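# Report on the structure
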Amino acid sequence: MAVSVPNPPQPFHYDRTRQAAPQVFEHLRDLIISLVLPPNTVLSRPELALQYGISQTPVRDALMRLAEEGLVDVFPQHATRVSRIDVALAWQAHFLRRSVELEIVRTLAASPDAALVERLRVTVARQQRMLDAGDLAEFNANDQQFHRQMYEAAAVPDLFGLVRRQSGHLDRLRRLHLPIPGKALAVLRDHTAIVEAIAAGDADRAEAALREHLSGTLANVAEIRARFGAYLR
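An account of the accompanying structure is given in this report. These figures come from a predicted structure and were not determined experimentally.

## A short note on helix 10 (residues 203-215)
The first and last C-alpha atoms of helix 10 sit 18 Å apart over 13 residues, in line with the 18 Å expected at 1.5 Å per residue. Of the residues making up helix 10, those classed as buried are A203, A206, E207, A209, L210, H213 and L214. Buried residues of helix 10, viewed axially, fall in a sector of 165°; they line one side. For helix 10, the secondary structure elements touched by its buried residues are helix 4 (87-110), helix 6 (136-153) and helix 9 (183-199). Here helix 10 starts with a cap whose side-chain oxygen sits 3.4 Å from the backbone nitrogen of D204, and that cap is D202.

## Here we look at the side chain of H27
Positionally, H27 belongs in helix 1 (residues 20-33). Classification of H27 as buried rests on a relative accessible area of 12%. Side chain to side chain, H27 and Y52 meet in a polar contact 2.9 Å long.

## Comments concerning the layout of surface pockets
In this model, the second largest pocket occupies a volume close to 260 Å³. In terms of lining, the second largest pocket is formed by 13 residues, of which the most central are R45, V74, F75, Q77 and T80. Listed by contribution, the elements that provide at least two residues to the lining of the second largest pocket are helix 3 (56-68), strand 2 (72-75) and strand 3 (79-82). At four residues, helix 3 tops the list of elements feeding residues into the lining of the second largest pocket. When the residues that make up the lining of the second largest pocket are grouped by side-chain class, the tally is eight nonpolar, three polar and two charged.

## Some words on the nonpolar core
In this structure, M150, I194 and I198 are the most contacted members of the largest nonpolar core, which totals 32 residues. Listing elements by their share of this core, those giving two or more residues are helix 4, helix 5 (114-132), helix 6, helix 7 (157-166), helix 9 and helix 10. Setting aside residues no more than four positions away along its own chain, I194 makes contact with V105, F146, M150, A209, L210 and H213. Membership of the second largest hydrophobic core comes to 20 residues, among which are A49, Y52, V59 and L71.

## Brief notes about the side chain of T217
Among the secondary structure elements, T217 is positioned in the loop between helix 10 and helix 11 (221-228). For T217, a relative accessible area of 3% translates into the label buried. Not counting chain neighbours up to four residues away, the residues in contact with T217 comprise L173, R174, H177, K183 and I224.

## Observations regarding the pattern of salt bridges
For the coordinates displayed, the defined rule picks out 14 salt bridges. Of the charged contacts, one joins D190 and R189 as a salt bridge, the two residues approaching to 3.1 Å between their closest N and O atoms. In this structure D190 comes out as buried when scored by relative accessible area, which is 7%. Judged by its relative accessible area of 47%, R189 is partly exposed.

The rules behind the values
- Residues numbered from 1 in each chain as written.
- Predicted model: local features only at pLDDT ≥ 70, side-chain atom pairs only at ≥ 80, totals over all residues.
- Heavy atoms only, no water.
- Helix = DSSP H or I, 4+ residues; strand = E, 2+ residues; numbered from the N terminus.
- Expected span 1.5 Å × (residues − 1).
- Buried < 20%, exposed > 50% of the residue type's maximum accessible area, 1.4 Å probe, protein only.
- Arc of directions from axis to C-beta.
- Contact = heavy atoms within 4.5 Å.
- Polar contact = N/O pair within 3.5 Å; in protein donor to acceptor, adjacent residues only side chain to side chain.
- 1 Å grid on protein atoms, 1.4 Å probe; cavity = no way out; pocket = protein on both sides within 12 Å on 5 of 7 lines; lining within 4 Å.
- Points joined across faces, edges and corners; volume = space filled by probe spheres on them.
- Nonpolar A, V, L, I, M, F, W, Y, C, P; charged D, E, K, R; others polar.
- Core = buried A, V, L, I, M, F, W, Y, C linked by side-chain atoms within 4.5 Å.
- Salt bridge = Lys/Arg side-chain N within 4 Å of Asp/Glu carboxyl O.

Rendered as structure tokens:
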């Protein structure tokens, strides 16, 4: 079954004042995570170089970084393909993210910050508007922003990047799950519960709401596999 991507990432715009490889890496990564480039897609280095208007060397470097994150499989002298989603690696990323974010919400609830609570509520309201508009790409972008705001408020912004680098398989699994009826509404419900628990200074309730939120996709792996079996390992 094909995945609907109503609003894919923005077209690539090469900034010649910056190195090419990191830009190509980020753009390809966005295309893979959003499933614009679904699992099993063949990535040709010469074709990508032509598409991006650059030499093959930065394309090679970008593909090597994607391979390090497990997002592509490189077969020397043969082909590079977007990897299938590894559920075991998704579980490990989930474990890491849950461990970090449980501590974050407990820290934030211990000293509620009205300004943070307002920022989080604004993000949730923006997600609601994106859902009403059927814009799942922006809905998902604001989902990421919601969590980034908590990392920043807990004074551990670098951990957001660390978790992100480990979460490619989990993020793709979540992207498959998001269009399934009821999932986006559950995200909004969970985000609201997390915000209100932080606002109330209730660390136990904040932890419980976060556990519920992060467990949603992996609890539905069987349904996702039934719909998108070719995409999963």
